[in-house]
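Understanding the architecture of this molecule
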Amino acid sequence: PEGGWEPGGTQNDIQAANRYAQDQPDFAGLWLDHIGDPTEDEFSPVILTVAFTDSLTKHEMELTKLWEGPLCVMPFDRTLDELGTIQSQLDDGLAELGYGSTFSDISVTENTVTFGVVLATDELRKELDDRFGPGVVEVQSALTRVE
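Let us look at the structure shown here. In this numbering scheme, every chain counts its residues from 1 along its sequence in written order. Note on the predicted model: pLDDT of at least 70 is required for a residue's local features to be given, and 80 or more for side-chain atom pairs to be given and counted; whole-chain, interface and lining totals, by contrast, use all residues. Just so you know, side-chain values use all the structure's heavy atoms and leave hydrogens and water out.

Should DSSP find at least two bridges between two strands, the strands are taken to pair. Strands are runs of DSSP state E lasting at least 2 residues, helices are runs of H or I lasting at least 4, and numbering of each runs from the N terminus. Within the open sheet, the three strands sit side by side as 1-2-3. Their pairing is mixed. Only two strands of the sheet have a single neighbouring strand rather than two, namely strand 1 (27-34) and strand 3 (71-75). Here the strands of the sheet are splayed against their neighbours by 20° on average, with no regard to which way each runs. As defined by bridge partners, strand 1 adjoins strand 2 (residues 46-52) across seven bridges and the pair is classed as antiparallel. In the strand pairing of strand 2, Gly29 is matched with Ala51. Its contacts with the sheet put helix 2 (residues 56-66) on strand 2 and strand 3, and the angle it makes with strand 3 is roughly 160°. As a rule, the C-alpha atoms of each element are fitted with a line to give its axis, helices using only the stretch in contact, and angles between N-to-C directions run from 0 to 180 degrees. We call two residues in contact whenever any of their non-hydrogen atoms come within 4.5 Å of each other.

Here's what the structure looks like:
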């Protein structure tokens, strides 16, 4: 906001807002950003960022009842559950494409899934964009093709 963030809560105070957010069907993610330096006996103040796919005004009103610190409520395209489903499909179902998976991970702040494979190809990237939408799955290759 104009003038910067004013401290108002610490990560110790986050639990009620966290429970509320995670109980919502359109919950897409939650994270903290620190403001300043911690004191000797307390964590530094934080900005609470919470993402949802719908009803942002309602969620912001509810969260301000539970959290007194700086709050950012933002829209995302996919819920955290949807990203988890995509991650499971990647972990379980791409053997038919012939790619060896090395890892998968959800990026809460980016609203994407990262999928590691032994050797990524343009064909794999296109297949994943076609299945899940452009940019939803970021492919990371352990090896680089040498031509």
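Additional details are given in the paragraphs that follow.
Now for the pairing of strand 4 (residues 101-107). Two strands pair when backbone bridges link them, and strand 4 and strand 5 (residues 112-117) are joined in this way by six bridges, in the antiparallel orientation. The residue of strand 5 that forms the bridge with Asp105 is Thr114. As consecutive antiparallel partners, strand 4 and strand 5 are separated by four residues, and within that stretch Asn111 has a phi angle of approximately 60°, a positive value.

Bringing the sheet that holds strand 5 into the picture now. With mixed pairing, the three strands of this open sheet are ordered in space as 4-5-6. With one partner strand each, in any of the chains shown, strand 4 and strand 6 (137-141) form the two edges of the open sheet. Averaged over all adjacent pairs, the angle separating strand axes in this sheet is 20°, with direction ignored. Contacts from helix 4 (residues 122-132) reach strand 5 and strand 6, with the element oriented near 160° to strand 6.

So far we have only geometry, and geometry alone does not tell us how the molecule works.
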